[in-house]
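Working through the structure, step by step
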Amino acid sequence: MTFDFPAFLVLASAVTGGIWLIDALLFAPRRRRLAEVAVGTGAVAEDRRSARKEPVLVEYARSFFPVIFAVLILRSFLVEPFRIPSNSMMPTLLTGDFILVNKFSYGLRWPILNSVFIDIGDPAVGDVVVFKFPQDQSTDYIKRVVGVPGDEIGYRHKTIYRNGEPVAQLPVGSFTGVGSGAEMTGAREALERLGSVEHHILTRPNAPDLPPGCRMLAYGPIKVPEGQYFVMGDNRDNSNDSRCWGFVPAGNLVGKAFAIWMHWDGGRDGLPIAWGRLGEGIE
């Protein structure tokens with residue numbers, strides 16, 4: 001069973017905040033009155049302190065609630081960390097990258113429900129987005145937006161066709177991977193310009209355009225419906241993306257990836273941390 005961290009934060013905030021609030025409204029005033037009575041009757045200092053002392057449960061709730069609530073607000077509305085588990089976004093993102101995702105780029109959303117209550121903007125072509133996988137809402141995916149509502153998307157000969165026009169590519173050379181990405185050594189690397197974003201992609205010339213089992217573009221271009229997005233991985237021949245399972249509904253969006261804050265890859269020779277990747281922006 002997948003652990004639902006947002007639900008845990010909401011529940012923990014409600015429980016700790018509720019305990020603290022109920023005590024503040026009902027029981028804390030009673031303790032203060034008992035302490036005042038103890039003072040009036042000349043009780044020793046230890047008895048007076050005992051009369052005012054909070055129960056351990058309330059003390060813990062009062063201590064933990066601000067921390068849990070702050071994490072809930074930060075994670076739900078501002079920034080959320082994610083770890084890259086696969087090579088599907090190479091060479092932009094590597095297995096072991098820890099990234100930060102802007103949670104308000106595409107609107108502020110309620111925790112758990114993921115419904116927008118303040119609309120701020122929409123994904124643009126070229127954005128790297130995190131979203132709930134349409135076929136399994138408990139799984140987060142990260143891909144690049146290649147088609148927005150109304151676009152007609154095709155893919156042939158390792159080239160994206162957007163509204164009938166090929167997306168420009170500039171060959172870079174042969175790619176050399178390290179660590180968990182060593183399997184991609186020898187792939188063809190190119191600089192692609194998608195919308196206003198320039199980024200690197202990987203392809204294998206001898207691999208079929210569509211990965212096994214992918215049929216969305218098998219019979220020509222497809223139009224992106226309203227409220228949906230077409231996404232692909234930058235590692236074009238090693239990515240389970242819209243070519244295979246279709247569009248990403250706007251309601252599944254989590255946010256826009258914008259920075260790498262850590263890289264830890266146990267498959268690297270020597271130190272598993274790639275210091276040079278820390279703090280890099282994501283294009």
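Our structure's up above, just so we're on the same page.
Residues numbered from 1 in each chain as written. Predicted model: local features only at pLDDT ≥ 70, side-chain atom pairs only at ≥ 80, totals over all residues. Heavy atoms only, no water.

**Describing the packing of aromatic side chains**
Counted under the stated rule, the structure contains 13 aromatic pairs. Ring centres of Phe65 and Phe69 lie 5.5 Å apart, and the angle between their planes is 20 degrees; this geometry places the pair in the stacked category. Taken as a pair, Phe65 and Phe69 lie in helix α3 (residues 56–78) at a separation of 4 residues, close to a single helical turn. Aromatic pair Phe131 and Trp245: ring centres 6.0 Å apart, planes at 50 degrees, arrangement tilted. Residue Phe131 is found in strand β5 (residues 128–133), and its partner Trp245 is found in helix α4 (residues 242–245); the two are separated by 114 residues along the sequence. (Phe/Tyr/Trp six-rings, centres within 6.5 Å; stacked < 30°, edge-to-face > 60°. Helix = DSSP H or I, 4+ residues; strand = E, 2+ residues; numbered from the N terminus.)

**Focus: the state of the cysteines**
As used here, a disulfide is simply a covalent bond connecting the sulfur atoms of two cysteines. Going through the model one piece at a time under the given rule, you end up with 1 disulfide. For Cys214, the disulfide goes to Cys244, at an S-S distance of 1.7 Å. Looking down the S-S bond of the Cys214 and Cys244 bridge, the torsion is 50 degrees, so its handedness is right-handed. Of this pair, Cys214 sits in the loop between β12 (197–203) and β13 (222–223) while Cys244 is found in helix α4, placing the two residues 30 residues apart along the sequence. The class of Cys214 is buried, set by a relative accessible area of 0%. Judged by relative accessible area, Cys244 falls into the partly exposed class, the value being 22%. (Disulfide = S-S within 2.5 Å. Buried < 20%, exposed > 50% of the residue type's maximum accessible area, 1.4 Å probe, protein only.)

**Notes on the sheet that holds strand β11 (residues 188–194)**
Strand order across the open sheet formed by 3 strands is β10-β11-β12, with antiparallel pairing between neighbours. The open sheet terminates on both sides in strands that have one partner only, identified here as β10 (169–174) and β12. Direction aside, the axes of adjacent strands within the sheet are offset by 25 degrees on average. Inspection of the sheet shows β11 paired to β12 by 7 bridges, in the antiparallel sense. Residue Arg193 lies in a different strand from β12, and its bridge partner there is Glu198. (Pairing = 2+ DSSP bridges. Axes fitted to C-alpha atoms, helices over the stretch in contact; angles between N-to-C directions.)

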